[in-house]
Amino acid sequence: MKGDKNVDIQALKDMANKLRIDSIVATNASKSGHPTSCASMAEIMSVLFFHTMRYKVSAPRDPSADRFILSKGHAAPILYAAWAEAGLFPVSELSNLRKLDSDLEGHPTPRLSFVDVGTGSLGQGLAVAAGMAYVGKYFDQAPYRVYCLVGDGEAAEGSVWESLHFASHYKLDNLVVIFDVNRLGQSEPTSLQHQMEVYAARLKAFGLHTMVVDGHDVSELVKAFDEAAAVSGTPTALLAKTYKGRGFPGIEDKDNWHGKALGAEGDKIIKHLQSQMKSQAPQLKARAPLAEAPRVHLADVSLSAPPNYKKGDLIATRLAYGTALKKIADTNMRVIALDGDTKNSTFSDKLRNAYPERYIECFIAEQNLVGVATGAACRDRVIAFASTFAAFFTRAFDQIRMGAISQSNINLAGSHCGVSIGEDGPSQMGLEDLALFRTIPTATVFYPSDAVSTERAVELAANTRGICYLRTSRPNTPVIYNNDEVFKVGQAKVVRQSSSDRVLLIGAGVTLHEALTAATTLHQQGVEARVLDPFTVKPLDKAAVLQHARAVGGRVLVVEDHYQAGGVGEAVLSALALERDVVVKHLFVSGVPRSGPPAALLDMFAISAPHIAAAAKSLLDA
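Nothing here was measured: the structure is a model prediction, and the numbers come from that model.

## A closer look at helix H17 (residues 510-524)
For step 1, the next point in the chain: When the terminal C-alpha atoms of H17 are compared, their 22 Å separation across 15 residues agrees well with the 21 Å that a helix rising 1.5 Å per residue should span.
For step 2, the next point in the chain: Along H17, the residues that are buried comprise Val510, Thr511, Leu512, His513, Ala515, Leu516, Ala518, Ala519 and Leu522.
For step 3, the next point in the chain: Elements that come into contact with the buried residues of H17 comprise strand E13 (476-478), strand E14 (493-496), strand E15 (503-506), strand E16 (529-533), strand E18 (555-563) and helix H21 (609-621).
For step 4, the next point in the chain: The first or second residue beyond H17 is Gly526, which carries a positive phi of 85°.

Put into structure tokens, the structure is as follows:
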């Protein structure tokens, strides 16, 4: 039977069942997986991949192609099946699902050419899709569209609603979010089950063009996706009423089948599904993209002018960050800034003021902020710098963690770190951020200590693959480097030394300046101290730390405006763990702080210059 516009409705029905069969075969081969979760979305995937979406099977990441994000990543087998049926790789390879030597992992990752981001930690896919859609509409200005499939279970995540608000606010009419409302969660029914009118009311209230459809009716889905393509000025939400395990007799809409291969039931169910098909090999092909996306160049990013400071000038590193951000935006039109309503504190507003069209305000929704940045940077379309207070990135740790799994190239700048912010108090103090980012396997962690090194850190981050984190400080601190100083990732700087040094002081940010003041005090007391600026905490310049620790006779003092766990001190201790005759003393924020003047707080937690000098002397006397 043929439908509107010569759509082969029967072939799409047959393809849906073929995708179900592929999912059963794959999960039975691995003896694990989520075939029932795949079955509820089979018709959706059939219509999307073989009627609606435009893409190149030969080049899945072509920038001109439509994007598809499977937010409910546990349904990965049916995503793999769709690409196999489209002809990207043999269907027989689906039997390698979840094997150690196969990239068909339990949840999608960009090890696969057709996966842009890793999914599976629920509630995150829509932010990524919104970032992609924003770039498509406002930067690429290309006709590709973005489709995101969300499970009803993950709709309980607040991050989903952050992203819906964002998409609606920015009128992302090139975005379609499909809710697979199959009623059942992992351990029990979802809170709303099949109350489609409640879902619809909420989505309409968020400003989306909302349709409720039978998610197993191919004709309805075809019409709904065609209607979405004609919507202007708002994103579309397609609420698909579905059933978990659809087409699986004795299992459909039944509890206790989540995440279980069908086992012996599989063969019987496959035969049942085959009996529903008119063709065992439906002939359907992908449609080509409508137009080419513009070519972009993201390499060799540089400052439009070198740093221009005088030694001794008092400049906050957060201010220098904003200055540098604007400078690299001068030289590359694909540099963009995102912020969470802190732009006048992080100074990302310097880019916004110069290039308002390249700034994305994400408001106070940090999980969405990081997700949108990840989506924006996908397929190497922009160089994204997302900024907020260092403390608030802890709220988005899962998004950052998934960014690493996604092989994402995003730059995150956290200002207002440590007790040195002063009177705002502990809720605003980033004291865990270094620990957070040091655990991220793809992360480069910059901790610049003056305006010159901050500008160069921004320049380096723009050219560094993976996740980059820049830790900036609130107080004004002296410029200590010449404007032509050369900085490299993983290369520390010795900022004070002599041939008679007896102790190595290592600080970063405000504590580097406290260490320099302490070194002057020690000199007046007849003790020479060498001072080292790590510049990057990850990778730490282990060779420099070891070299200078040996040079001073093995006495090392690390001081940082951060909690003990996971910061600069532990990085140094790790670097020196196997070195004989080296003693490391560590000064850090030893408990939950309180409001107070910055200098008083540094003193309260024994990370000020007098305490550093005293600790160095005690280390030498030990």
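## A word on the sheet that holds strand E5 (residues 236-241)
For step 1, the next point in the chain: Spatial strand order, E1-E2-E3-E5-E4: five strands in an open sheet with parallel pairing. On the outer flanks of this sheet lie strand E1 (67-70) and strand E4 (209-214), each paired with one strand and no other. Between one strand axis and the next, the sheet turns by 20° as a mean value, whatever way the strands run.
For step 2, the next point in the chain: Note: strand E3 (residues 175-181) against E5, six bridges, orientation parallel. Bridge assignment links Val181 to a residue of E5, and that residue is Lys241.

## Looking at the pairing of strand E7 (residues 335-339)
For step 1, the next point in the chain: With five of five residues buried, E7 is to be regarded as a mostly interior element.
For step 2, the next point in the chain: Burial along E7 is two-sided: Val335, Ala337 and Asp339 facing one way and Ile336 and Leu338 facing the other are all buried.
For step 3, the next point in the chain: Pairing geometry for E7 and strand E9 (residues 383-389), over five bridges, is parallel. The partner of Ile336 across the bridge, within E9, is Ala384.

## Overview of the packing of helix H3 (residues 42-52) against helix H8 (residues 218-230)
For step 1, the next point in the chain: Interaxial distance between H3 and H8 falls to 10 Å at its minimum, and their mutual angle equals 50°. By the angle class used here, H3 and H8 are oblique. With respect to the hand of their crossing, H3 and H8 are arranged in right-handed fashion. Along the contact surface, H3 presents Glu43, Ile44, Val47, Leu48, His51 and Thr52, while H8 presents Val218, Leu221, Val222, Phe225 and Asp226.
For step 2, the next point in the chain: Classifying every residue of the contact of H3 with H8 by side-chain character gives seven nonpolar, two polar and two charged.

## A word on the packing of aromatic side chains
Each aromatic ring pair is summarised here by two numbers: the centre-to-centre distance and the angle between the ring planes.
For step 1, the next point in the chain: Counted under the stated rule, the structure contains 21 aromatic pairs.
For step 2, the next point in the chain: Geometrically, the ring pair formed by Phe89 and Phe114 is stacked, given 6.1 Å between the ring centres and 15° between the ring planes. Placement of Phe89 in the loop between helix H4 (76-86) and helix H5 (125-140) and of Phe114 in the loop between H4 and H5 is noted, with a sequence separation of 25 residues between them.
For step 3, the next point in the chain: The buried category is assigned to Phe89, whose relative accessible area is 14%.
For step 4, the next point in the chain: Between the aromatic rings of Tyr134 and Phe139, the centroid separation amounts to 5.6 Å while the plane-to-plane angle is 65°, which identifies the pairing as edge-to-face. Of the two residues, Tyr134 and Phe139, both sit in the buried class.
For step 5, the next point in the chain: An aromatic cluster is present here, built from Phe49, Tyr55, Phe68, Tyr80, Trp83, Phe89 and Phe114 joined pairwise through their rings.
For step 6, the next point in the chain: The aromatic ring of Tyr144 is capped on one face by Arg67, whose charged end is 3.7 Å from the ring centroid.
For step 7, the next point in the chain: Lying over the aromatic face of Phe487, Lys493 brings its terminal NZ or CZ to 5.1 Å of the ring centre.

## Considerations on H4
For step 1, the next point in the chain: Counting buried positions along H4 gives 11 out of 11 residues, so the element sits mostly inside the fold.
For step 2, the next point in the chain: Taken residue by residue, H4 has Ala76, Pro77, Ile78, Leu79, Tyr80, Ala81, Ala82, Trp83, Ala84, Glu85 and Ala86 as its buried positions.
For step 3, the next point in the chain: Against the buried residues of H4 lie helix H1 (9-30), helix H2 (35-39), H3 and E1.
For step 4, the next point in the chain: Positive backbone phi, approximately 110°, marks Gly87, located one or two places after H4.

## Topic: the domain arrangement of the protein chain
For step 1, the next point in the chain: Each assigned domain of the protein chain is listed here: domain 1 (9-56 + 67-276), domain 2 (313-479) and domain 3 (493-621).
For step 2, the next point in the chain: The straight-line distance from the C-alpha centre of domain 1 to that of domain 3 is 52 Å.

## Describing the environment of Asn28
For step 1, the next point in the chain: One can find Asn28 in helix H1.
For step 2, the next point in the chain: Here Asn28 falls in the partly exposed class, since its relative accessible area comes to 23%.
For step 3, the next point in the chain: Sequence-wise, Asn28 and Met53 are 25 residues apart; in three dimensions their C-alpha atoms are separated by 29 Å.
For step 4, the next point in the chain: For Asn28, the contacting residues outside a window of four places in its chain are Ala261, Leu262, Gly263 and Gly266.

The rules behind each value
- Residues numbered from 1 in each chain as written.
- Predicted model: local features only at pLDDT ≥ 70, side-chain atom pairs only at ≥ 80, totals over all residues.
- Heavy atoms only, no water.
- Helix = DSSP H or I, 4+ residues; strand = E, 2+ residues; numbered from the N terminus.
- Expected span 1.5 Å × (residues − 1).
- Buried < 20%, exposed > 50% of the residue type's maximum accessible area, 1.4 Å probe, protein only.
- Contact = heavy atoms within 4.5 Å.
- Pairing = 2+ DSSP bridges.
- Axes fitted to C-alpha atoms, helices over the stretch in contact; angles between N-to-C directions.
- Parallel < 35°, antiparallel > 145°, perpendicular 65-115°, else oblique.
- Left-handed = near helix turned anticlockwise from the far one by under 90°.
- Nonpolar A, V, L, I, M, F, W, Y, C, P; charged D, E, K, R; others polar.
- Phe/Tyr/Trp six-rings, centres within 6.5 Å; stacked < 30°, edge-to-face > 60°.
- Lys NZ or Arg CZ within 6 Å of the ring centre and 35° of its normal.
- Domains from an automatic or database assignment.

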